Amino acid sequence: MIMILCTGLIATALVTALVLALPALARPTLPFGVRVGVQRVDDPAVIAARRSYARLTVAAGALVAVVSIPVLLVTRSAAAIGVTTSVLAVLDVLLFHRAHRMIRTAKLTGGWTAERRQGVAVDTTFRTDPVRVPWPWALPALAAVLLTAGIGWARHGTLPATLPSLFGYATEAARREPTTVLSAFQPVIFQLVLTVIAVAMVLVVLRARPDLDAARPRGSARRYRTYLRGMAVMSLLSAACLNLSLLFAALHLWEIVTPSIVWQVTIYAPLAVLAGGWLMWEVKVGQAGHRLPALPGEELEDSGLGQRDDDQHWHLAGSVYVNRRDPALLVHDRLGSSSWTLNLGHPIAWLLLGSLAVALIVVAGLLLAGAV
């Protein structure tokens, strides 16, 4: 019970810390997903939105933490952690959208878009000389998969008739299911899926359209290359951290180790390292590499243009992009982190989403069939 309670409070703290960091990591010209000119970065409306968001986000995290304590004590279920964390995530999304609307309203009423001529920057070398995939950094994730599979293979013949239910990175001793190949090797299956997804995303993102600054095209292109290399390395290391946590969870699932608070902390330690690593990297590099230091002469670069205002194509506070006239399938989002989103105005985007839905249904069906 104490383990479930500690896990729930840690999850609440992590979610609150991450959503607080998002606005600070975004480019100054994209506060809460709204495109503003460099002359409006320190506008009173932007500052007011940032302060209000920070206060309300902390209050929401504290409220959910207080409410989750009796909920977890009564339910005594790890599933309740997902419920409380989801509630907090919904509240944080609403607060982010509120700040977005505050700045968007100030921008429209103040006529900010007419203050500078608009344009876009293009660098064709990202096609002729693309950033390469740093394959050696994928080895730790692969090693974690092979180690987990080897331990599972050695342990499989001595497993009991039933196993505790695996819920994310935790197990519920009260809920057990028959021991089958699928149920016993769920951690390995999840590891393989996570590794494949990480590699696939790196391959796709390195070929996506770069998000360059029209005012400083050469400097932003150089920074973006450095940013892409670091993002690829961090993504592959993320798969290694996730796989390591699944390895520790598998040892618990296979009853090789006994449950304890120390072991629960050990399971989530790689996730904490992962979150801290991404946060440190984002603080140092910034969204699209805007925090990287400029080379001599780059700080004086100014094309006289402002970035093209495309707010009308962004929805849900800069997380959803819909533009039928844009040939790009994948674009860098505006949430202040190293993430991309599909252009839902592109027909292939819906084909990919449909294929993903079918794959998830098939996997869920196989898992249910194995459990039965």
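For the structure itself, look to the data block above.
Residues numbered from 1 in each chain as written. Predicted model: local features only at pLDDT ≥ 70, side-chain atom pairs only at ≥ 80, totals over all residues. Heavy atoms only, no water.

Caption draft 1: Region of the structure containing the packing of aromatic side chains. Scanning the entire structure with this criterion turns up 10 aromatic pairs. Between phenylalanine 32 and tyrosine 53, the aromatic rings sit 5.1 Å apart at their centres with planes inclined by 70°, giving edge-to-face as the arrangement. Of the two residues, phenylalanine 32 is situated in the loop between helix H1 (2–25) and helix H2 (44–75) and tyrosine 53 in helix H2; the sequence distance between them amounts to 21 residues. Judged by relative accessible area, tyrosine 53 falls into the buried class, the value being 3%. A ring pair is formed by tyrosine 53 and phenylalanine 96, whose centres lie 5.8 Å apart and whose planes are at 85°; its orientation type is edge-to-face. One end of the pair, tyrosine 53, is in helix H2; the other, phenylalanine 96, is in helix H3 (residues 79–110), with 43 residues separating them in the sequence. For the residue pair tyrosine 53 and phenylalanine 96, the accessibility class agrees, reading buried in each case. (Phe/Tyr/Trp six-rings, centres within 6.5 Å; stacked < 30°, edge-to-face > 60°. Helix = DSSP H or I, 4+ residues; strand = E, 2+ residues; numbered from the N terminus. Buried < 20%, exposed > 50% of the residue type's maximum accessible area, 1.4 Å probe, protein only.)

Caption draft 2: Inspection of unusual backbone geometry at higher detail. Located in the positive-phi region is phenylalanine 32, a residue other than glycine, with phi close to 55°. Residue class for phenylalanine 32 comes out buried when judged on its relative accessible area of 1%. The phi angle at alanine 317 is positive, at roughly 60°, despite the residue not being glycine. Note on placement: alanine 317 falls in the loop between strand E5 (314–315) and strand E6 (320–321).

Caption draft 3: Up close: the nonpolar core. If you look at the biggest cluster of nonpolar residues, it comprises 28 residues, and the most contacted ones within it are Leu206, Tyr224, Tyr227, Leu228, Met231, Trp281 and Trp340. Where this core is concerned, the elements lending two or more residues are helix H7 (186–205), helix H8 (217–253) and helix H9 (261–285). The element contributing the most residues to this core is H8, with 9 residues. Non-local contacts of methionine 231, meaning those with residues more than four positions away in its chain, are made with Val205, Leu206, Trp278, Trp281, Ser338 and Trp340. Counting residues in hydrophobic clusters, the runner-up holds 18 residues, among them Val15, Val19, Phe32 and Tyr53. (Core = buried A, V, L, I, M, F, W, Y, C linked by side-chain atoms within 4.5 Å. Contact = heavy atoms within 4.5 Å.)

Caption draft 4: A look at H3. Across its 32 residues, H3 extends 47 Å between first and last C-alpha, which sits within 8% of the 46 Å expected from 1.5 Å per residue. One or two residues past the end of H3 sits glycine 111, with phi positive at roughly 65°. (Expected span 1.5 Å × (residues − 1).)

Caption draft 5: Geometry of H2. In a regular helix each residue adds 1.5 Å, so 32 residues correspond to 46 Å; H2 covers 46 Å between its end C-alpha atoms and thus fits that length. At serine 68, H2 is deflected by roughly 30°, the largest bend along its length, and proline proline 70 occurs up to four residues later in sequence. Buried residues of H2: Val46, Ala49, Ser52, Tyr53, Thr57, Ala60, Gly61, Val64, Ala65, Ser68 and Leu72, and no others. Looking at where H2 begins, the residue whose side-chain oxygen comes 2.9 Å from the main-chain nitrogen of alanine 45 is aspartate 43. Positive backbone phi, at 55°, marks arginine 76, one or two positions downstream of H2. (Bend = angle between axes of the 7 residues up to and from the residue. Polar contact = N/O pair within 3.5 Å; in protein donor to acceptor, adjacent residues only side chain to side chain.)

Caption draft 6: Spatial organisation of a nonpolar patch on the surface. On the surface, Val83, Val87, Val90, Leu91 and Leu94 cluster together to form a nonpolar patch covering roughly 430 Å² of accessible area. With respect to the secondary-structure elements, leucine 94 resides in helix H3. (Patch = residues over 30% accessible without salt bridge, like charges linked within 9 Å, V, L, I, M, F, W, Y side chains within 5 Å. Areas by Shrake-Rupley, 256 points an atom, 1.4 Å probe, with all protein chains shown as cover. Salt bridge = Lys/Arg side-chain N within 4 Å of Asp/Glu carboxyl O.)

Caption draft 7: A look at the environment of cysteine 6. Of note, cysteine 6 is situated in helix H1. Sequence separation between cysteine 6 and threonine 16 is 10 residues, and the spatial gap between their C-alpha atoms is 15 Å.

Caption draft 8: Expanded view of the side chain of threonine 341. Along the chain, threonine 341 turns up in strand E8 (residues 340–342). Here threonine 341 falls in the buried class, since its relative accessible area comes to 14%. A polar atom in the side chain of threonine 341 sits 3.3 Å from the backbone oxygen of serine 319. Leaving out residues up to four positions away in the same chain, threonine 341 has contacts with Trp314, Ser319, Tyr321, Leu329, Leu330, Val331 and Asp333.

Caption draft 9: Main features of the pattern of salt bridges. Evaluated as defined, the whole model comprises 11 salt bridges. Here aspartate 309 ties to lysine 107 by a salt bridge, and the two come within 2.5 Å at their closest N and O atoms. Note that aspartate 309 is positioned in the loop between strand E4 (306–307) and E5 and lysine 107 in helix H3, a separation of 202 residues in sequence. Here aspartate 309 matches lysine 107 in class, with each residue buried. Across the pair arginine 209 and aspartate 326 runs a salt bridge, and its minimum N-O distance is 2.8 Å. Of the two residues, arginine 209 sits in the loop between H7 and H8 while aspartate 326 sits in the loop between E6 and strand E7 (330–332), which places them 117 residues apart along the sequence. In this structure arginine 209 comes out as partly exposed when scored by relative accessible area, which is 37%.

Caption draft 10: Region of the structure containing the packing of helix H5 (residues 139–156) against H8. Axis separation between H5 and H8 bottoms out at 7 Å; the angle between their running directions is 15°. Regarding the angle of H5 to H8, the classification is roughly parallel. By crossing handedness, the relation of H5 to H8 is classed as left-handed. Only Leu236, Ala239, Ala240, Asn243, Leu244, Leu247, Ala250 and Leu251 of H8 make contact with H5, whose side of the interface consists of Pro140, Ala141, Ala144, Val145, Leu147, Thr148 and Ile151. Partitioned by chemical class, the residues of the contact of H5 with H8 number 13 nonpolar, 2 polar and no charged. (Axes fitted to C-alpha atoms, helices over the stretch in contact; angles between N-to-C directions. Parallel < 35°, antiparallel > 145°, perpendicular 65-115°, else oblique. Left-handed = near helix turned anticlockwise from the far one by under 90°. Nonpolar A, V, L, I, M, F, W, Y, C, P; charged D, E, K, R; others polar.)

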